[in-house]
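As a plain string of letters, each chain reads:
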Amino acid sequence: MATRSPSRRGSAAPPTLDAGHRMVILRGPDAYLRRSHTQRLEEALRTAHGDVERFDYDGRTVDPVTVLDELRTFGLLQDHKLVVVDQADQLLARAGTPSPRELLEAYAANPVDSATLVLRAETWRPGRLDKAVEKIGAIIKCEPPDAASCVRWCEARMQKEHAASIAPAAARLLVERVGPMLDRLDVELAKLAAHAGPGAEVGPEEVRAMVGLSREEKAWQIQSVLLSGDTGRALQALRELLEISGQPEQLVLWSMTDLARKLHAASRLLREGKSPGVVRKELKLFGDAAGPILDRAGRFPPTIWADLVRCSLEADRRIKRGIGRSDRTVESLAVAFADTVGG
């Protein structure tokens, strides 16, 4: 179950999304809130209609006619469609006669009952479309909450979703370092919980050690190199992260373990007959890494990737218990990764 989104003190509660909404606008810079509201709407639709077919489009490239055709076309297997357009502001800003805004305004005046359209964007220019949407759906601002609300959210999220706890002082320090963006905070909470272990409490010391300026971006670079299957590149990138950038072995190891788990899960789902699009959604694979992960996962059976998961967990155990040199342990795991992917 999704954790409640923090609300600002003194602010009105956002509209409740329900299965009766035919158009929804989610606008604001907080990507976590945009996804969270979409998830709740999808859950409400599934409760009301059973299986729901979801279609995701990029507003920077999709044609408005394609979106409208998708909404108006009956699904073959599902009773209801959920059509989501990201970067919707760029779709609306495109030129045309009639313009994309005019096309969507006309649709809002007469929407189909078998589909729901969600427009998501970081920035938004209000207009007549907003008034039309309010009559058949909802408009929700996805703004970052204040720091105090973020701290409370981190404490609750750590317990409910990551099976650990975080001290109030550590949560405050985390918000200070990351900022009030729930999407990034959730990533950091997952890393800290994985490092601390189930049931453990994360303190300020762990936050100082594992969360720094752009530290997560630097540590995640190792994933793309491991996917190349080049052992030399993997070792070089690893040494640069550990010796030049000063990244902790635990953080780099977490990134490697996460990659092993994604490869294993993707391989299993593909072998079960799931389409690449479905696997992307279930595992939340986004960006440039999604393609290489699916490609590598499809080459080998799940048992191969399960062995890498076990090797990653064993490396984590050795480092936490002080067995051997931690840098050598991580290097050995990197070699195992590259050999498997390159094989």
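Notes on the structure in this doc start here.

Rules and cut-offs
Residues numbered from 1 in each chain as written. Predicted model: local features only at pLDDT ≥ 70, side-chain atom pairs only at ≥ 80, totals over all residues. Heavy atoms only, no water. Axes fitted to C-alpha atoms, helices over the stretch in contact; angles between N-to-C directions. Helix = DSSP H or I, 4+ residues; strand = E, 2+ residues; numbered from the N terminus. Parallel < 35°, antiparallel > 145°, perpendicular 65-115°, else oblique. Contact = heavy atoms within 4.5 Å. Buried < 20%, exposed > 50% of the residue type's maximum accessible area, 1.4 Å probe, protein only. Expected span 1.5 Å × (residues − 1). Polar contact = N/O pair within 3.5 Å; in protein donor to acceptor, adjacent residues only side chain to side chain. Salt bridge = Lys/Arg side-chain N within 4 Å of Asp/Glu carboxyl O. Nonpolar A, V, L, I, M, F, W, Y, C, P; charged D, E, K, R; others polar. Pairing = 2+ DSSP bridges.

## Points about the packing of helix H1 (residues 31-49) against helix H8 (residues 182-196)
Closest axis-to-axis distance for the H1/H8 pair is 6 Å, and the angle between their directions is 90°. With respect to H8, the axis of H1 lies roughly perpendicular. Taken together, the residues of H8 that come into contact with H1 (itself represented by Ala31, Tyr32, Leu33 and Arg35) are Leu182, Asp183 and Asp186.

## Points about the side chain of His37
Looking at the secondary structure, you find His37 in helix H1. Residue classification places His37 among the buried positions, given a relative accessible area of 8%. Not counting residues up to four positions away in its chain, the partners in contact with His37 are Leu17, Leu26, Ile140 and Cys142.

## Observations regarding the environment of Asp89
Position of Asp89 relative to the elements: it lies in helix H3 (residues 88-92). Residues Asp89 and Arg120, 31 residues apart in the sequence, show an inter-C-alpha distance of 7.9 Å. Not counting chain neighbours up to four residues away, the residues in contact with Asp89 comprise Ala121, Thr123 and Trp124.

## Some details on helix H6 (residues 147-162)
Compared with an ideal rise of 1.5 Å per residue, which puts 16 residues at 22 Å, H6 spans 21 Å between its outermost C-alpha atoms and is within 8% of the ideal. Taken together, the buried positions of H6 are Ser149, Cys150, Val151, Trp153, Cys154, Arg157, Met158 and His162. On its buried face, H6 sits against H1, strand E6 (165-166), helix H7 (168-178), H8 and strand E7 (201-202). Near the N-terminus of H6, the side chain that reaches the backbone nitrogen of Ala148, with its oxygen 3.2 Å away, is that of Asp146. Among the residues trailing H6, Ala163 stands out with phi positive, at a value near 55°.

## Brief notes about the pattern of salt bridges
Using the criterion set out here, one finds 23 salt bridges in the structure. Where Glu272 meets Arg268, a salt bridge forms, and the shortest distance between an N and an O atom there is 3.6 Å. For Arg268, a relative accessible area of 36% corresponds to the partly exposed category. Each member of the salt-bridge network shares a partner with another, and the members are Glu42, Arg46, Asp51, Arg54, Asp56 and Lys281.

## Brief notes about the packing of helix H11 (residues 221-228) against helix H17 (residues 326-342)
Where H11 contacts H17, the axes come no closer than 7 Å and their chain directions differ by 45°. Considering their axes alone, H11 and H17 lie oblique with respect to each other. Listed contacts from H17 to Leu226, Leu227 and Ser228 of H11 are Ala334, Phe337 and Val341. Grouping the amino acids of the contact of H11 with H17 by side-chain chemistry returns 5 nonpolar, 1 polar and no charged.

## Details of the pairing of strand E5 (residues 137-141)
The buried fraction of E5 amounts to 4 of the 5 residues, a majority that puts the element mostly inside the structure. Sheet topology note: the strand E1 (residues 23-27)/E5 ladder contains 5 bridges and is parallel. Each residue of the ladder has a partner; that of Leu26, found in E5, is Ile140.

## Quick notes on unusual backbone geometry
The omega angle of the peptide bond from Thr97 to Pro98 is -5°, so this bond is cis rather than trans. Inspection of the secondary structure assignment puts Pro98 in the loop between H3 and helix H4 (100-109). For Gln87, which is not glycine, the phi dihedral falls at a positive 55°. The backbone of Ala163 shows a phi angle near 55°, a positive value even though the residue is not glycine. Looking at Ala163, the relative accessible area reads 48%, which means it is partly exposed.

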